[in-house]
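Coordinate inspection notes
Residues per chain, in single letters:
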Amino acid sequence: MIETGPPWLLAIETSCDDTSVAILRDGIIPMATVSQAQIEPHAIFGGIVPEVASRIHMQIVDEVCRSALSQAGIKVGEIDAVAVTIGPGLPGSLMVGLEFGRGLAYGLEVPLVPVNHLEGHIAAAWLDVDRPPELPAVALIVSGGHTELVFVKAPGSYRVLGRTRDDAAGEAFDKVARMLGLGFPGGPKIEQAAAMVSSTPIDFPRSWLEGTNDFSFSGLKAAVQRLHDDKLGPDEAARMFSNSDVWTPKRAWPNRAAHIALAFEQAVVDVLVHKTIRAAEIHHARSIILTGGVAANSRLRREMQAAAPVPLYIPLPSRCTDNAAMIGVAGAWAIARGDESFQPVDIAPGLRIA
Ligand code: KG4
Ligand code: ZN
């Protein structure tokens, strides 16, 4: 197990809409993490606008970096290596982080370490813990762009057990929130809306894809849309409502959006928990890692914890969503593997974990 890294590592994450810089000591101890989320500028469009995202990264990345250095109490000249996300992510956003990191590494004459964002999400489980997860582990990465079940043999040694066949879980949260007029980003909005009711008569269909570790959320999203638009057929309505008196077309029921949000959240969480636990059992995992933006969801955290047969590692909510501290840990692993590079490094928007 890799427990240390360079004395001072600066890590940069700009793959999507968060501009984040972290300073880590010995590779894995975060001394400062400064993140700036770009919620407002995208909220008016109801989703992330890539051009806007890269432009904002460009405007603020140096200020975010300065704040991180000052919070860590060190000078830029003390940095021993620079780790930066090269993919997967939005090309323009990745380019801003990479060019900023490349410039820093060049000026400081230190190694530039390319990092896979998905490995970063796994590495988040090594932050803020007394004992790191025992391996092998099964990791569920659930974010706005990804839903992947990964077998983690060792840092750097991964096998994808299953992934989504259509929407990522976070993407489904974002789209359903938009449908219900709850705003952006959808995950926290759905969670807040769902918390307004304690139970719901709605029971959305789950896509189990039996015999696989894959996921699918597009059927669920379509069912939410049909209910929201009052376009359920009688059979579908009967299946969806255990007590079908509750639902009649066009009837306005109190807290309608909250009921739909809760039923949607329950359907997504059920499938994520069931499939992760099954994969952990089949592959004799010694721990389970739940990570990525959707892992900030408290129902998912609670239900995974209740079902986990082995220790469950869930990073703090601020380390589940995109952040540079997790990129720093993955960068330290890469350095230990000898992957740091003085070679030309390019962005890899479609990069996979394995
Ligand atoms: O990991 P992340 O910050 O960015 C990507 O790499 O995609 O994940 C962002 C996603 C968004 O889709 C957001 O709606 C979702 O994570 N998310 C949540 C919650 N907080 C963020 N989903 C469900 N419940 C939450 N509390
Ligand atoms: Zn992410």
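Residues numbered from 1 in each chain as written. Chains lettered and ligands numbered in written order. Predicted model: local features only at pLDDT ≥ 70, side-chain atom pairs only at ≥ 80, totals over all residues. Heavy atoms only, no water.

Glancing now at empty space enclosed by the protein. Per the counting criterion, the structure on display carries one cavity of 30 Å³ or more. There is about 70 Å³ of room inside the largest cavity. Taken together, Trp-208, Glu-210, Gly-211, Thr-212, Asn-213, His-274, Lys-275 and Arg-278 form the lining of the largest cavity. (1 Å grid on protein atoms, 1.4 Å probe; cavity = no way out; pocket = protein on both sides within 12 Å on 5 of 7 lines; lining within 4 Å. Points joined across faces, edges and corners; volume = space filled by probe spheres on them.)

What follows is about the coordination of the zinc ion (ligand 2). Each pair of donors in an ideal four-coordinate tetrahedral metal site encloses 109.5 degrees, whereas pairs in an ideal six-coordinate octahedral site enclose 90 or 180 degrees. Protein coordination of the zinc ion (ligand 2) is provided by His-117 (NE2), His-121 (NE2) and Asp-322 (OD), with donor distances spanning 2.0 to 2.2 Å. Classification of the site at the zinc ion (ligand 2) as irregular follows from its four donor atoms and the range of 93 to 149° in their angles at the metal. Between consecutive donor residues of the zinc ion (ligand 2), the sequence gaps follow H-x3-H-x200-D. Taken as a pair, His-117 in helix H4 (residues 117-123) and Asp-322 in the loop between helix H11 (317-320) and helix H12 (324-337) lie far apart in primary sequence, 205 residues in all. Judged by relative accessible area, His-117 falls into the buried class, the value being 5%. Judged by its relative accessible area of 13%, Asp-322 falls in the buried class. (Donors = N, O, S within 2.8 Å, 3.2 Å for Na, K, Ca; no water. Tetrahedral: all angles 85-135°; square planar, octahedral: opposite > 155°, others 65-115°. Helix = DSSP H or I, 4+ residues; strand = E, 2+ residues; numbered from the N terminus. Buried < 20%, exposed > 50% of the residue type's maximum accessible area, 1.4 Å probe, protein only.)

This part is about the pairing of strand E5 (residues 112-116). Where burial is concerned, most of E5 is hidden: four out of the five residues are buried. The pairing of strand E4 (residues 81-87) with E5 spans five bridges and is classified as parallel. Its bridge partner lying in E5, Ala-83 is registered against Val-113. (Pairing = 2+ DSSP bridges.)

Moving on to the packing of helix H9 (residues 256-282) against helix H10 (residues 298-307). Remark: H9 packs on H10, axes separated minimally by 10 Å, with the N-to-C direction vectors making an angle of 35°. Taken as a pair, H9 and H10 cross one another with a handedness that is right-handed. Mapping the contact onto sequence places Leu-262, Glu-265, Gln-266, Val-269, Asp-270, Leu-272, Val-273, Thr-276 and Ile-277 in H9 and Arg-299, Leu-300, Glu-303, Met-304 and Ala-307 in H10. A class-by-class count of the residues in the contact of H9 with H10 yields eight nonpolar, two polar and four charged. (Axes fitted to C-alpha atoms, helices over the stretch in contact; angles between N-to-C directions. Left-handed = near helix turned anticlockwise from the far one by under 90°. Contact = heavy atoms within 4.5 Å. Nonpolar A, V, L, I, M, F, W, Y, C, P; charged D, E, K, R; others polar.)

Turning our eyes to something else, we now look at helix H3 (residues 91-108). Here H3 contains 18 residues, and its C-alpha end-to-end distance of 25 Å stays within 8% of the 26 Å for a straight helix at 1.5 Å per residue. What H3 keeps buried is the set Ser-93, Leu-94, Val-96, Gly-97, Leu-98, Gly-101, Leu-104 and Ala-105. Tucked inside the fold, the buried residues of H3 contact strand E1 (8-13), helix H2 (50-72), E4 and E5. Looking one or two residues beyond H3, the residue adopting positive phi is Glu-109, at roughly 55°. (Expected span 1.5 Å × (residues − 1).)

The next point concerns the sheet that holds strand E9 (residues 287-291). The strand order across the open sheet formed by five strands is E8-E7-E6-E9-E10, and the pairing between neighbours is mixed. Because the sheet does not close on itself, it has two edges, and the strands there are strand E8 (157-163) and strand E10 (312-313). Contacting strand E6 (137-142), strand E7 (147-154), E8 and E9, H9 crosses the sheet at an angle of about 155° to E6.

Tallied over the entire structure, the rule returns three aromatic pairs. Where Trp-126 meets Trp-333, the ring centres are 4.9 Å apart and the plane angle is 85°; that geometry is what we call edge-to-face. Taken as a pair, Trp-126 in the loop between H4 and E6 and Trp-333 in helix H12 lie far apart in primary sequence, 207 residues in all. For Trp-333, a relative accessible area of 1% corresponds to the buried category. The interplanar angle of 80° and the centroid separation of 5.1 Å between the aromatic rings of Phe-173 and Phe-264 together place this pair among those described as edge-to-face. Of this pair, Phe-173 sits in helix H5 (residues 169-179) while Phe-264 is found in helix H9, placing the two residues 91 residues apart along the sequence. (Phe/Tyr/Trp six-rings, centres within 6.5 Å; stacked < 30°, edge-to-face > 60°.)

Judged by nonpolar contacts, the single largest core of 55 residues is most densely connected at Ile-202, Phe-204, Phe-264, Leu-272 and Leu-300. In terms of residues, this core owes the most to one element, H9, which gives 15 residues. Setting aside its immediate chain neighbours within four residues, Leu-300 contacts Val-142, Val-269, Leu-272, Val-273, Leu-290, Val-294 and Ala-295. Counting 35 residues, the second-largest nonpolar core is a separate cluster that includes Ala-137, Ala-324, Ile-327 and Trp-333. (Core = buried A, V, L, I, M, F, W, Y, C linked by side-chain atoms within 4.5 Å.)

Right, let's talk about the side chain of Thr-14 for a bit. Here Thr-14 shows up in the loop between E1 and strand E2 (18-25). Relative accessible area serves as the criterion here: at 1%, Thr-14 is assigned to the buried category.

What follows covers the sheet that holds E4. In spatial order, the strands read E3-E2-E1-E4-E5; together these five strands make up an open sheet with mixed pairing. A strand with exactly one partner marks an edge of an open sheet, and here the two such strands are strand E3 (29-37) and E5. Between one strand axis and the next, the sheet turns through 20° on average, direction left out of account. The sheet contacts of H12 involve E1, E2, E3, E4 and E5, and relative to E1 the element is tilted by about 125°.

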